[in-house]
Amino acid sequence: LGIFFPTYIINLTALTMVSFQKVIVVLPLIAGGASAFSLSMRSALIVQNKGGGHGELGFQLAKNLQSNPKITSITILQDSACNDAKEPFVSYASDIPNVNIIKADLADESMNAADMQSLLKQPFDYVWDNSSKGAVGAGKAVIDSAKEWNSKLLTYVSSAGIYQPNDVFPMPETTPIKESAGQVQYEKYAIESGLPFVSFRPQYIYGEKSNKWDYVDWYFDRLVRGETLPIPAPGTQKVSLTNSADVASLLASVLNDEAAAVEQTFFNCGTDELCEYDEVAKLCAEVAGTELNIQHYDVSLGKAKFPFRMTDFYVSPDLAKSKLGWEGAKNSLKDDLKWYFESYKARGGMTKDISFDQDKEVLGA
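All of these numbers come straight from a predicted model, not from anything done at the bench.

So, the overall build of the chain
For step 1, the next point in the chain: Summing up its helical and strand segments, the chain has twelve helices and 15 strands in all.
For step 2, the next point in the chain: Each of the 365 residues in the chain was classed as buried or not, and the buried ones make up 48%.
For step 3, the next point in the chain: Accessible surface, the chain as shown: approximately 17200 Å² in total, 52% of it carbon and sulfur.

This is the structure:
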C-alpha cells in the first residue's frame, strides 16, 4: 500500500543577502499529479505459528524488520494457541511494542481469505508466512489474501525436512523433495497463483527466546548427570545449528533484491558453520565443565532419543549470499553455548526427570 505525500520545495534562488522577505514556494508536479518526490509507506505481515521449532522466528523477524527502511509498519497475525506466558510471546509487549499483534485460530481449516482480511482490516505489501503447513485453511487464506492485496512479495518458511537427500552434501535447492509434504503443496499453490513468491527451507534452529530446546538439551541432559552419550557411528556426521536471529536475517534478505529472490524462488536457510555430532558434545562438555563419555552405536539400531538424523543432513546458504547479498550468520554455536547453558540451568535442566532407558537399549546392544 503506497501513500504519497506532496513535497514542498522552497526555491531560494531569488533571495539575496539584503532581501529575505520573499520566499517562493514551488509545488512541481509530474505526470499523473504526483509530486516530484514521494514518501512510500510499506506494511509487513508476519503470520506466526503457536510455537515449536519455528516458534521464535516471527519475533526475531519483527525485530529485524523494525530497522529496515523499506518497512514502516509491522503486524503479527499470531496463532491464538500460543502460550502467552512463555517465550517469545511473553516478550512481545516489552521487546517489540510497536508491532501490532492480532490473534486468530490458525488451525481452523474453515478459515478463508475473507475471514483473514476481516481480522486484519488492511492490505499488506510484504507477507511472511511462518505458520502454514499446507495450502488449506489459514495457509490457503494467506496465499489468496496476498494475491488480492497485490502484495509485492510472499515469503514462506518451509522446511529442509522436505528433502530426500541423495548423498550430495550440502544439500542443494535441487535436492529431490517429498511431493506429498504439506509445505510442497503450499509452494505449488502459491506459484500457481501467480504471486511473487519465495520459499526458505531452514533446518535445526535454536535461540535465546526459543520454546523448543530439544537439540542441544539432549547433550546437556546427559553430560550434567554423568551419563554416556550414545551417538550414532561414526560421530563425524555434520549438522547445521542456526541461531534464530540469523534465520530471521535470512528471511529479511529478500528485501535486498526482490526480483532476484522471486527468480530463484527456493533458498536453503541456515548457517554455513557446520559441526560434527561429536564436536557438539565436546563443546557442550567444555561449557558445562563435565567429563565427556561418548559411545558410538550402529545406526541400524535407530535414533533412540538422538536429536539429529543418523547420517549427514545439512544445507548451505550460498545461494542466499550470492543472489540476495546475505552477509552470513552473525552468531556461532560455540559462543552461544555459554548463554545457552545458563538458560538450561534456569529452565530446570539440572533437576528435571529424564529416562535413559532408550539410551541403554542401544548402548547395550
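After presenting the structure, the write-up continues.
So, the nonpolar core
For step 1, the next point in the chain: Counting residues in each nonpolar core, the largest one holds 40 residues, and the members touching the most others are Tyr-219, Phe-220, Leu-241, Phe-306 and Phe-308.
For step 2, the next point in the chain: Those elements that provide at least two residues to this core are β9 (204–206), α6 (214–223), β10 (229–232), α9 (277–288) and α11 (333–346).
For step 3, the next point in the chain: Sequence-distant contacts of Phe-306, defined by excluding residues within four places in its chain, comprise Trp-218, Tyr-219, Pro-230, Ile-231, Pro-232, Tyr-277 and Tyr-297.
For step 4, the next point in the chain: Within the second largest apolar cluster, 35 residues are counted, among which are Ala-62, Val-198, Phe-200 and Ile-205.

Here's the deal with the pattern of salt bridges
Any two side chains of opposite charge can pair, so long as their charged atoms come close to each other.
For step 1, the next point in the chain: Taken as a whole and assessed by the stated rule, the structure comprises 15 salt bridges.
For step 2, the next point in the chain: We note a salt bridge from Lys-209 to Asp-95, for which the minimum N-O separation is 3.7 Å. Residue Lys-209 is found in the loop between β9 and α6, and its partner Asp-95 is found in helix α2 (residues 92–95); the two are separated by 114 residues along the sequence.
For step 3, the next point in the chain: For Lys-209, a relative accessible area of 19% gives the class buried.
For step 4, the next point in the chain: The structure contains a network of salt bridges with shared partners spanning Asp-217, Asp-221, Arg-347 and Lys-352.

Section: the packing of aromatic side chains
For step 1, the next point in the chain: Per the counting criterion, the structure on display carries 24 aromatic pairs.
For step 2, the next point in the chain: Plain terms: the ring middles of Trp-213 and Tyr-340 are 5.3 Å apart, the flat faces sit at 70 degrees to each other, and that makes the pair edge-to-face. Pair noted here: Trp-213 is in the loop between β9 and α6 and Tyr-340 is in helix α11, with a separation of 127 residues, a long-range link. Across the pair, Tyr-340 and Trp-213 agree in class, each one buried.
For step 3, the next point in the chain: Site record: aromatic cluster; members linked through ring pairs are Tyr-204, Tyr-215, Trp-218, Tyr-219, Tyr-277, Phe-306 and Phe-308.
For step 4, the next point in the chain: Sitting above the plane of the Phe-313 ring, Arg-309 keeps its charged end 3.7 Å from the centroid.
For step 5, the next point in the chain: Against the face of Tyr-340 rests Arg-347, its NZ or CZ located 5.7 Å from the ring centre.

Overview of helix α4 (residues 138–149)
For step 1, the next point in the chain: With twelve residues, α4 extends 16 Å between its outermost C-alpha atoms, agreeing within 8% with the 16 Å of an ideal straight helix rising 1.5 Å per residue.
For step 2, the next point in the chain: When you tally the buried positions in α4, you get nine out of twelve residues, the bulk of the element.
For step 3, the next point in the chain: For α4, the complete set of buried residues consists of Ala-138, Gly-139, Ala-141, Val-142, Ile-143, Asp-144, Ser-145, Ala-146 and Trp-149.
For step 4, the next point in the chain: Buried residues belonging to α4 abut β3 (43–48), α3 (113–120), β6 (126–130), β7 (153–157) and α5 (182–192).
For step 5, the next point in the chain: Backbone geometry just downstream of α4 places Asn-150 in the positive-phi region, at approximately 60 degrees.

Some details on the packing of α4 against α5
For step 1, the next point in the chain: Where α4 contacts α5, the two axes come as close as 10 Å, and the packing angle between them is 25 degrees. Judged by the inter-axis angle, α4 sits roughly parallel to α5. The handedness of the crossing between α4 and α5 comes out as right-handed. From α4, Gly-139, Lys-140, Val-142, Ile-143 and Asp-144 reach across to α5, where they touch Tyr-186, Tyr-189 and Ala-190.
For step 2, the next point in the chain: A per-class count over the contact of α4 with α5 returns five nonpolar, one polar and two charged.

Here we look at the environment of His-296
For step 1, the next point in the chain: Relative to the assigned elements, His-296 resides in strand β15 (residues 294–297).
For step 2, the next point in the chain: Classification of His-296 as partly exposed rests on a relative accessible area of 37%.
For step 3, the next point in the chain: For the pair His-296 and Leu-229, spaced 67 residues apart in the sequence, the C-alpha separation amounts to 8.2 Å.
For step 4, the next point in the chain: Among the polar contacts made by the side chain of His-296, one reaches the main-chain carbonyl oxygen of Pro-234 at a distance of 3.4 Å.
For step 5, the next point in the chain: One polar contact links His-296 to Asp-278, side chain to side chain, over a distance of 2.9 Å.

Describing the pairing of β7
For step 1, the next point in the chain: Summarising burial for β7: five of the five residues are buried, a large majority.
For step 2, the next point in the chain: Burial of the side chains of β7 extends over both faces: Leu-153, Thr-155 and Val-157 are buried on one face and Leu-154 and Tyr-156 on the other.
For step 3, the next point in the chain: Note: β6 against β7, four bridges, orientation parallel. What sits directly across from Trp-128, in β7, is Thr-155.
For step 4, the next point in the chain: You can see the chain leave β7, run along α5 and come back into strand β8 (residues 197–202), and the turn it takes is right-handed.

How each quantity is defined
Residues numbered from 1 in each chain as written. Predicted model: local features only at pLDDT ≥ 70, side-chain atom pairs only at ≥ 80, totals over all residues. Heavy atoms only, no water. Helix = DSSP H or I, 4+ residues; strand = E, 2+ residues; numbered from the N terminus. Buried < 20%, exposed > 50% of the residue type's maximum accessible area, 1.4 Å probe, protein only. Areas by Shrake-Rupley, 256 points an atom, 1.4 Å probe, with all protein chains shown as cover. Core = buried A, V, L, I, M, F, W, Y, C linked by side-chain atoms within 4.5 Å. Contact = heavy atoms within 4.5 Å. Salt bridge = Lys/Arg side-chain N within 4 Å of Asp/Glu carboxyl O. Phe/Tyr/Trp six-rings, centres within 6.5 Å; stacked < 30°, edge-to-face > 60°. Lys NZ or Arg CZ within 6 Å of the ring centre and 35° of its normal. Expected span 1.5 Å × (residues − 1). Axes fitted to C-alpha atoms, helices over the stretch in contact; angles between N-to-C directions. Parallel < 35°, antiparallel > 145°, perpendicular 65-115°, else oblique. Left-handed = near helix turned anticlockwise from the far one by under 90°. Nonpolar A, V, L, I, M, F, W, Y, C, P; charged D, E, K, R; others polar. Polar contact = N/O pair within 3.5 Å; in protein donor to acceptor, adjacent residues only side chain to side chain. Pairing = 2+ DSSP bridges. Right-handed = clockwise from strand over helix to strand, strands pointing away.

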